[in-house]
Amino acid sequence: MGNSVPTELKSLNFSEDELKKLYKNFSKIDKDKSGTLEPEEFFDIPELAQNPLVKRVIAVLDKNTDGKISFLEFVQGLSSLSASASSEEKLRFAFQIYDVNNDGFISNGELFSVLKMMVGNNLNDTQLQQLVDRTIIKADEDMDGKISFEEFCKMVQDLDVIERLVIST
């Protein structure tokens, strides 16, 4: 990254010192020194290896869908979780975790697959499907069978999601 911060990084929610620290951390994770992070490198981090949603987070960070995370993608994603990010930015990041096909909606199948990652075998598929169906019915105000971003925001407004979606640099 050198001594100056690239223009595309200046508009994000980080100071120059924070960006340098993030680059240092990015470089530590980048074991093969390729300049990008492959999924396996994320799984080498003990705190992430046990997280059932790490694959979804990687997919959300990977904006160009090349299977790797560049430093720009890394910082753009983390920017949504910084202390100075807006509530909407944080909620959009959380929404993208569930919006697997990136069509702007959370379908019944998408909610099922992401919750399955989270609950593992703690619920059988029938129990999980019942939970998904109840959630869709409760959140789906326009009755189109899926959850929009606005419906998602209303659904999670009392769950402290915004407070939990903060990283420290």
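What comes next concerns the included structure. What you see is a predicted model, and the numbers here were worked out from it, not measured in a lab.

Examining helix H6 (residues 71–79)
Think of an α-helix as 3.6 residues a turn; residues three or four steps apart then line up on the same face.
No. 1: Where burial is concerned, most of H6 is hidden: 7 out of the 9 residues are buried.
No. 2: Among the residues of H6, those classed as buried are Phe71, Glu73, Phe74, Val75, Gly77, Leu78 and Ser79.

A short note on the side chain of glutamate 38
No. 1: Of note, glutamate 38 is situated in the loop between strand S1 (36–37) and helix H3 (39–43).
No. 2: Within the buried core, glutamate 38 has no salt-bridge partner, and the shortest N-O distance to an opposite charge, that of lysine 68, equals 5.3 Å.
No. 3: A distance of 3.1 Å separates the side chain of glutamate 38 from the side chain of threonine 36, its partner in a polar contact.

As for the packing of aromatic side chains
No. 1: Within this structure, the stated rule accounts for 8 aromatic pairs.
No. 2: Seen in terms of ring centroids, tyrosine 23 and phenylalanine 26 are 6.5 Å apart; in terms of plane orientation they differ by 20 degrees. Their pairing is stacked. In this pair, tyrosine 23 and phenylalanine 26 are both assigned in helix H2 (residues 16–29), 3 residues apart and thus about one turn of the helix distant.
No. 3: A relative accessible area of 31% places tyrosine 23 in the partly exposed class.
No. 4: Taking the relative accessible area as the measure of exposure, phenylalanine 26 reaches 2% and is therefore buried.
No. 5: Members of the aromatic cluster, each reached through a chain of ring pairs, are Tyr23, Phe26, Phe71 and Phe74.
No. 6: Taking NZ or CZ as reference, arginine 92 lies 3.8 Å from the ring centre of phenylalanine 149, over its face.
No. 7: The ring of phenylalanine 105 has lysine 146 lying over it, and the distance from NZ or CZ to the ring centre is 4.2 Å.

As for the packing of helix H8 (residues 108–119) against helix H9 (residues 125–139)
No. 1: Axis separation between H8 and H9 bottoms out at 10 Å; the angle between their running directions is 130 degrees. Between H8 and H9, the angle falls in the class oblique. Considering how the two elements wind past one another, H8 and H9 form a crossing that is right-handed. The segment H8 lies against H9, with Asn108, Leu111, Phe112, Leu115, Lys116 and Val119 engaging Asp125, Leu128, Gln129, Leu131, Val132, Asp133, Thr135 and Ile136.
No. 2: The residue makeup of the contact of H8 with H9, split by class, is 8 nonpolar, 3 polar and 3 charged.

Rules behind the numbers
Residues numbered from 1 in each chain as written. Predicted model: local features only at pLDDT ≥ 70, side-chain atom pairs only at ≥ 80, totals over all residues. Heavy atoms only, no water. Buried < 20%, exposed > 50% of the residue type's maximum accessible area, 1.4 Å probe, protein only. Helix = DSSP H or I, 4+ residues; strand = E, 2+ residues; numbered from the N terminus. Lys, Arg positive; Asp, Glu negative; His and termini not counted. Salt bridge = Lys/Arg side-chain N within 4 Å of Asp/Glu carboxyl O. Polar contact = N/O pair within 3.5 Å; in protein donor to acceptor, adjacent residues only side chain to side chain. Phe/Tyr/Trp six-rings, centres within 6.5 Å; stacked < 30°, edge-to-face > 60°. Lys NZ or Arg CZ within 6 Å of the ring centre and 35° of its normal. Axes fitted to C-alpha atoms, helices over the stretch in contact; angles between N-to-C directions. Parallel < 35°, antiparallel > 145°, perpendicular 65-115°, else oblique. Left-handed = near helix turned anticlockwise from the far one by under 90°. Contact = heavy atoms within 4.5 Å. Nonpolar A, V, L, I, M, F, W, Y, C, P; charged D, E, K, R; others polar.

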